[in-house]
Structure formats: C-alpha cells, structure tokens
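Breakdown of the fold
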Amino acid sequence: MEALTVAVTLGFLLLVGMGGSAGDEAREAAAVRDLLVRLLGPGPAADFSVTVQRSLAAESGLDAYRLSGGGAGTPVRVVGSTGVAAAAGLHRYLRDFCGCHVAWSGSQLHLPQPLPAVPAELTEATPNRYRYYQNVCTHSYSFVWWDWARWERELDWMALNGINLALAWNGQEAIWQRVYLALGLTLSEISEYFTGPAFLAWERMGNLHSWGGPLPQSWHLKQLYLQHRILDRMRSFGMIPVLPAFAGHVPKALTRVFPQVNITQMGSWGHFNCSYSCSFLLAPGDPMFPVIGSLFLRELIKEFGTDHIYGADTFNEMQPPSSDPSYLASATAAVYEAMTAVDPDAIWLLQGWLFQHQPQFWGPAQVGAVMGAVPSGRLLVLDLFAETQPVYIRTASFQGQPFIWCMLHNFGGNHGLFGSLETVNQGPTAARLFPNSTMVGTGMAPEGIGQNEVVYALMAELGWRKDPIPDLGAWVTSFASRRYGSPHQNAGTAWRLLLRSVYNCSGEACSGHNRSPLVRRPSLYMNTTVWYNRSDVFEAWRLLLTATTSLAASPTFRYDLLDVTRQAVQELVSLYYEEVRTAFLKKELPHVIRAGGILAYELLPALDQLLASDSHFLLGSWLEQARKAAVSEAEACFYEQNSRYQVTLWGPMGNILDYANKQLAGLVADYYTTRWQLFMGALVKSLAQEVPFQQHQFEEDVFPLEQAFVLSKKRYPSQPQGDTVDLAQRLFLKYYPQWVAGSF
C-alpha cells in the first residue's frame, strides 16, 4: 500500500509542466537556437539544428535529448523533449565531443573544425523529473543587483545545465505593496516594513523587517520589469518558475487597520533585536489569513501568470509558537489553502531547512503534522543540505511527500576552496534507492554563487545520470582539460590533489562557510584546523604555476591560479596566526612582532594586490553593480551601503558579523587588514606594557573601524590591475620556501 501511495504521489508531480502544443515546441526550440547564437555567435550556431519534440520524453514524462550528425558538411542535430532538455543536449555535445566549458567565471569555446561527428545516435533520459536551482538567500547574496544582461547569462547557464525548476521571486514587494495598500495600510507603513535590497531574502522568510530599508519606488518598477523578462525567458526554455506565496508574516501596521486580528510575535533572529526582527505571524485560524493569502496570489498571477508551483517558508530558522502537531498542521494547511483558493492546481515548494536547522524541535510528530496537512503530491520538499545532513533518511522520505535531493554547498557567498565531491557523487543515487523513496529530482541550492565551479559542474551532470561517476579522479582531470582548452599533466595532477583535499570534506561537520582567521574578527581563540592536508594545496599551487607557460592565455586558468593562490595565502594566514598566538602566550615579543608584521603588513596587502588582478575578485565590481541599479546619486549611496553592510557587519552592530565574508580587493585592504593590524598592535602593547590582553576591549576598539568601512564613501576600482601570473609567482617565491622549510 505504501508503494502505491508513493507511485500516486510521484505520478501527480510528473504531470506538472508537461504537455504543451506544437507552438510551445517551436517557441522552445527557437529559444535554444537564440541561446546558441549568444553562446557561439551566428556563424558557428548555424552548424547546429535544434528541435523540440515532447514525444521524445519517456512514458513517465522524464526529459530526454538526442544527439546525431556532425562531421564535414553535416549539421549537429539536437532534439530535446523540452527546450531545457535540448539545451542540456547541446551542452553535452559541446562538453564531451568538443571539449568546451561554460562557467560563471568564463567559457572555453574553441570548437574543432569541422565539428566532430556523433558516432552513433545518442539518446539520454534523465532519471529525475526536476533539476532545481537556487536558494531564497541566493537572491540577496548574488542576484540582488543584477540587470537583465547578467540575468540573461545566468538563464543561459541554467538551461545548458538542464535546470527546469527555479525560483522567480523578483518584484514580489511591488505586489505586496499593492495588496497592503488595498487593505488600508499607508505607503509609509509598507515602506517601513520592507528591508533594504541586500536583505530581502530574510524579509521574505519572515526573519527580518525594516533593516537596511526602505525600498525606493524605483526599485519596485525595476524589479517588475526584470521579473517579466526573467519569466518570459524561463518559460521560453520550458523551465518551471516557482513564484512566491503568502507564508503568514505580516507588517505590525496591520493591527492598526484590523485591531482584532490574531497575530503572534515571534522570537528574535540572528542577534537582531525586535526593532528589526521578532516578526508578526498571522494565526492560521484568523479570517484574515485566507483573505491576505488569496489577495496576494491573485494579484501576483494577474501580473505574472503562473506555472502552479509556489514557494513559502513560515518557520525558517524560527521556532513555531507551539510544538503541538495540531497547531503545526493548521499553520501548514492555512498556507496551502490560501494557494488553492486562487489556483486549484497549486503545488507548494517548501525549503526543508527548518527540519535540519532545529532537529530537536522537529520530531516525527511535528514533521508528520506538516507533511500530512497537504494532500500527497501537493507538497514538494527541498532537502536543502542533503550532501551533509540529509533529512529524508530520518523522516522516512518526508513521510511520503516528494522531495528533491539538494546540494547546498555554499553559505553566505563566501570564497574558499571547499566541496564534498565524493558525497555529492554518491548522494542522489543513494536517495533514489532509499526504501520507498519519494525523490523526484536533484538540486543546487547555494546561498551564493561564483565560487568552486567544479562542484556545480559535477552536480549539474549528476542531474542526468542514473549512477555516480565511476572515477572522480579521471572526471576532474577531464574537467581541467576542458576548462583550459587543452590537457596538461601538471594541471591535471593539481586538480587531483585538490580533489583529495579541499574537495574531499565528509561528515556532518562539513559546511561551505569560510571560518578562516583571515576573514574573522581576530581573537586568541580562533580554530585553524582543516579537514585536509595543507601540503596538497601548496603542491597544487606549485603545479599550476609550472603550467603557466602553456596555459597562461586561458582566462579560466588564470582565474583558477588566482583562486588557488588565494587559498594558499589563506592557509599561510592561519599558520602565521598560530605562530603569533603561540609566541604571545609564551610572552615572546620579538616573535609576535615578526610573525604579526608579516601577516598584517606583508601577506594581506600582497593578497589584496593579487585579487585586484581579476575582475571577479574586486570589491569595486560588487559596489558598482549596486550603484548602477540606482536612478539617483542618493539611491546609489544607499545601495552601496547595503552592499557594504552585507559583506561585513551584517546588521547595525555586527549582528551576523562576517557571515557573508568575501575575499575581494579593497575589502581585504581596508577591512580585514585594518583590523588585523589593530589586533597585532594590541598584542604588542599587551606584552610591551605587561598588561593582560582584553578581547572585549579590542572588540570595542575594532567596531568603529568596521563601521567606518561600511559608512565610507571611498570608491574602488571596478577594472582589474596587474598581472595575475606575475603576482602569483611573486607570492610563491616568497612564501613557498618558508612552507617547505616549516619556518613560521
């Protein structure tokens, strides 16, 4: 009986987004052909034939593509069951037959001439109904300042990687503004409720309100424009956009208009006080709940249309007011019923982070109450951190509701080489084979993008595989060859060393959150342990430098050389910090001065100079994106300050200090270096004057420096300066011999 229930559940979901007319097929094929032109140019794109045929999909509705043709005078024929499937097939051909590579940091698209023939017709069907992408947080940590040109590149990347389900959450505040105005709130009350752009993710999940706001009216107009273009492009590819729905959080001002409304004030979040957190949650039984939920969804659909899947998170990192299963069931049902009152075909996409984040609260009865409050197949759960702490195992496959196995990987958009590649490689297959599994897809759900591209290349490929990749060492070597445009023995060896070290984290403690001393407020109690042998990082660094003669012309190689050099410097910071701490505890002032001087006055400035050589590692680029989103100088300054707060203090008083740390030129020089220099000065003063070092006093002294950086109007370069290879070699020649000699 249980297996039958699972089959019915999955069968319902497999129907979502399927079907469509011949006109839809033609539109999707045209969208992929346009993608080809953007990617390769009109000349090379003419050597490909792209069509979409729904009939190519397996009986179960699973996406498929077929490759054939190629060779002298013969076009490469790509057929997909959807536009996304055709784009994934195109990417497969470019990757495996042409040795090409498409990534955030750049693409390597040197096509062989003539185009290689597909030896025998190749048909591939995915085992997964869904290949999901994004995290609610990604919209703040990475997407927040994007214009249409940048969104277009991302949507192309998504299509090529076979993504067919993704959040489309731009512009929702404009819809909420209409709804709240209709309910009688004033424009001022609504504006006071919204956070600033860089913190909207947490307002949308009910964690915050007001912080970093208010939102200008121009913001709403721009986001509505963007959302229409994003949705049009997603639908043209055959992707399913996930729109937002009402989760139950409301502005406090609602109580002025409706004094009898039943709301509960939640607890504080993220070390914020109730000026910015302690959100107001509408009681599920209050008659205003379906009114507000329906008003919002009706207005949203009127503006944007719908594909019938909606996202809402009521208890993200917030403990519900009651653990009583009846309360949790009613709270869940209220959200779902507000959806179906407007859209009878609604499916709720729920981030499963709440179950992972507070496992003590979410016992079997509590999880069961949520799962059981929505009809089978109408709740689609993202097992958000499944590569490290999968929830499906301890919830009997979410008690029969379908789920997507997601790799979260990155927190806060941090830089730092990190991954759990073997765990990721095995995870989807293990979930699919789990007894009575209700897994219906794979997903990538990073908080921030633009880092560790090898991890996402692997996960995207796994979305089309029934089994794990048999030899990750060979896979990563091929990855490097494609990325750089030609094989190189030392580059391949370097990547295998990275695979067995920084990309080989395992166990529940693995987290893609960079806690290196480099990016933390200094203290004498920082943890410097790592899960890998640092020797592998330094040897990979050396090997990549030996490949510069052959590969230096490759932009992606230069990017990786910088990133590995950056990682080596991060390791050196930890080692010098350990020496400083040991010398301080032994009261060896000369050693503190020597090691501390190197760390704060030589190593970090050299890192900043290295980072300045690549446009992907510039604070100026991040801030310039924010400024370009504005329509006035005052607005530009406001957006820039939002950006500065996010990557540093993350709140008025350092509430979530350095959570979203980045290693960017300018940020290293004027934020991290400044406080390291203050810390070293405090340690030297303590020993020289024979007075105890007081951490609390240091924190009082350093906060004004951190705050001054946030409030500064200093402009930073948005164009790279210097030569990456030369700067990496200088760092290597200076510090690698010290590493080998162990002279720290």
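Residues numbered from 1 in each chain as written. Predicted model: local features only at pLDDT ≥ 70, side-chain atom pairs only at ≥ 80, totals over all residues. Heavy atoms only, no water.

Quick look at the packing of helix H26 (residues 633–647) against helix H28 (residues 695–711) now. Two numbers describe how H26 lies on H28: the axes approach to 8 Å, and their chain directions differ by 145°. Between H26, through Gln641, Arg644 and Tyr645, and H28, the contact on the second element is made entirely by Phe709, Val710 and Leu711. Of the residues in the contact of H26 with H28, the class split is four nonpolar, one polar and one charged. (Axes fitted to C-alpha atoms, helices over the stretch in contact; angles between N-to-C directions. Helix = DSSP H or I, 4+ residues; strand = E, 2+ residues; numbered from the N terminus. Contact = heavy atoms within 4.5 Å. Nonpolar A, V, L, I, M, F, W, Y, C, P; charged D, E, K, R; others polar.)

Using the criterion set out here, one finds 60 aromatic pairs in the structure. Chaining the aromatic ring pairs together yields one cluster made of Tyr141, Phe199, Trp202, Trp211, Trp269, Phe272, Tyr276, Tyr645, Trp650 and Tyr659. For the cation-ring pair, Arg644 lies above Phe709, with the distance from its terminal atom to the ring centre recorded as 5.1 Å. (Phe/Tyr/Trp six-rings, centres within 6.5 Å; stacked < 30°, edge-to-face > 60°. Lys NZ or Arg CZ within 6 Å of the ring centre and 35° of its normal.)

This part takes up the layout of surface pockets. The rolling of a water-molecule-sized probe over the atoms marks out the regions of remaining empty space. Estimates place the volume of the largest pocket at around 1400 Å³. Looking at the largest pocket, it is lined by 49 residues, and the ones nearest its centre are Trp146, Arg150, Arg153, His616 and Gln625. At the level of secondary structure, the elements contributing two or more residues to the lining of the largest pocket comprise helix H2 (22–40), strand S4 (101–103), strand S5 (106–108), helix H6 (148–160), helix H10 (217–237) and helix H25 (619–628). Tallying contributions element by element places H6 first for the lining of the largest pocket, with eight residues. The class makeup of the residues in the lining of the largest pocket is 24 nonpolar, 14 polar and eleven charged. (1 Å grid on protein atoms, 1.4 Å probe; cavity = no way out; pocket = protein on both sides within 12 Å on 5 of 7 lines; lining within 4 Å. Points joined across faces, edges and corners; volume = space filled by probe spheres on them.)

Take the sheet that holds strand S2 (residues 64–69) next. The mixed open sheet is built from four strands, whose spatial order is S1-S3-S2-S6. In this open sheet, the two strands that pair with only one neighbour each are strand S1 (48–52) and strand S6 (122–125). The sheet shows a mean angle of 15° between the axes of neighbouring strands, direction not considered. With four bridges joining them, S2 and S6 adopt antiparallel strand pairing. (Pairing = 2+ DSSP bridges.)

So, about the pairing of S1. Side chains Phe48, Val50 and Val52 of S1 all project onto a buried face; the interleaved residues Ser49 and Thr51 project onto a face where none is buried. Here S1 pairs with strand S3 (residues 76–80) via five bridges, running parallel. Paired with Phe48 across the bridge in S3 is Val76. (Buried < 20%, exposed > 50% of the residue type's maximum accessible area, 1.4 Å probe, protein only.)

Residue position: Ser140 is located in helix H5 (residues 138–141). At a separation of 3.0 Å, a polar atom in the side chain of Ser140 contacts the main-chain amide nitrogen of Ala201. In this structure, Ser140 is in contact with Pro197, Ala198, Phe199, Leu200, Ala201, Trp202, Trp622 and Gln646, ignoring residues within four places of it in sequence. (Polar contact = N/O pair within 3.5 Å; in protein donor to acceptor, adjacent residues only side chain to side chain.)

Spatial ordering of the open sheet is given by S10-S12-S11, a layout of three strands whose pairing is antiparallel. The sheet terminates laterally at strand S10 (249–250) and strand S11 (263–265), the two strands that pair on one side only.

The subject of this paragraph is the state of the cysteines. According to the stated counting rule, one finds one disulfide in the structure shown. In this model Cys274 forms its disulfide with Cys278; the gap between the sulfur atoms is 2.0 Å. Negative torsions about the S-S bond denote left-handed disulfides, and the value of about -70° found for Cys274 with Cys278 makes this one left-handed. Here Cys406 is not disulfide-linked; the sulfur of Cys137 is the nearest cysteine sulfur, at 13 Å. The class for Cys406 is buried, based on a relative accessible area of 0%. (Disulfide = S-S within 2.5 Å.)

To continue, consider the nonpolar core. Trp202, Phe355 and Trp650 are the most contacted members of the largest nonpolar core, which has 261 residues in total. A total of 14 residues in this core trace back to one element, the largest contributor, which is helix H23 (residues 555–585). Look past the residues within four positions of Phe355 in its chain and what remains in contact with it is Leu350, Trp362, Val367, Val370, Met371, Val391, Arg394 and Phe398. (Core = buried A, V, L, I, M, F, W, Y, C linked by side-chain atoms within 4.5 Å.)

Before going further, it helps to examine the pattern of salt bridges. On inspection of all chains with the given rule, the structure shows 36 salt bridges. Close ionic contact of Asp96 with Arg92 constitutes a salt bridge, the shortest N to O distance being 2.8 Å. One end of the pair is Asp96 and the other is Arg92, both in helix H4 (residues 83–96) and four residues apart, which spans about a single turn. For Arg92, a relative accessible area of 16% gives the class buried. Among the salt bridges present, the one from Arg95 reaches Asp96, with a minimum N-O distance of 2.8 Å. A cluster of three or more residues bridged by salt bridges with shared partners is formed by Arg92, Arg95, Asp96, Glu124 and Glu461. (Salt bridge = Lys/Arg side-chain N within 4 Å of Asp/Glu carboxyl O.)

Turning our attention to the pairing of strand S7 (residues 130–133). Every second residue of S7 is oriented toward a common face, with Tyr130 and Tyr132 on one face and Arg131 and Tyr133 on the other, all of them buried. Bridge count between S7 and strand S17 (residues 439–444): four bridges; the pairing is parallel. Residue pairing for S17: Tyr133 is matched across the bridge by Met444. Sheet analysis places S7 next to strand S8 (residues 165–167), joined by two bridges and oriented parallel.

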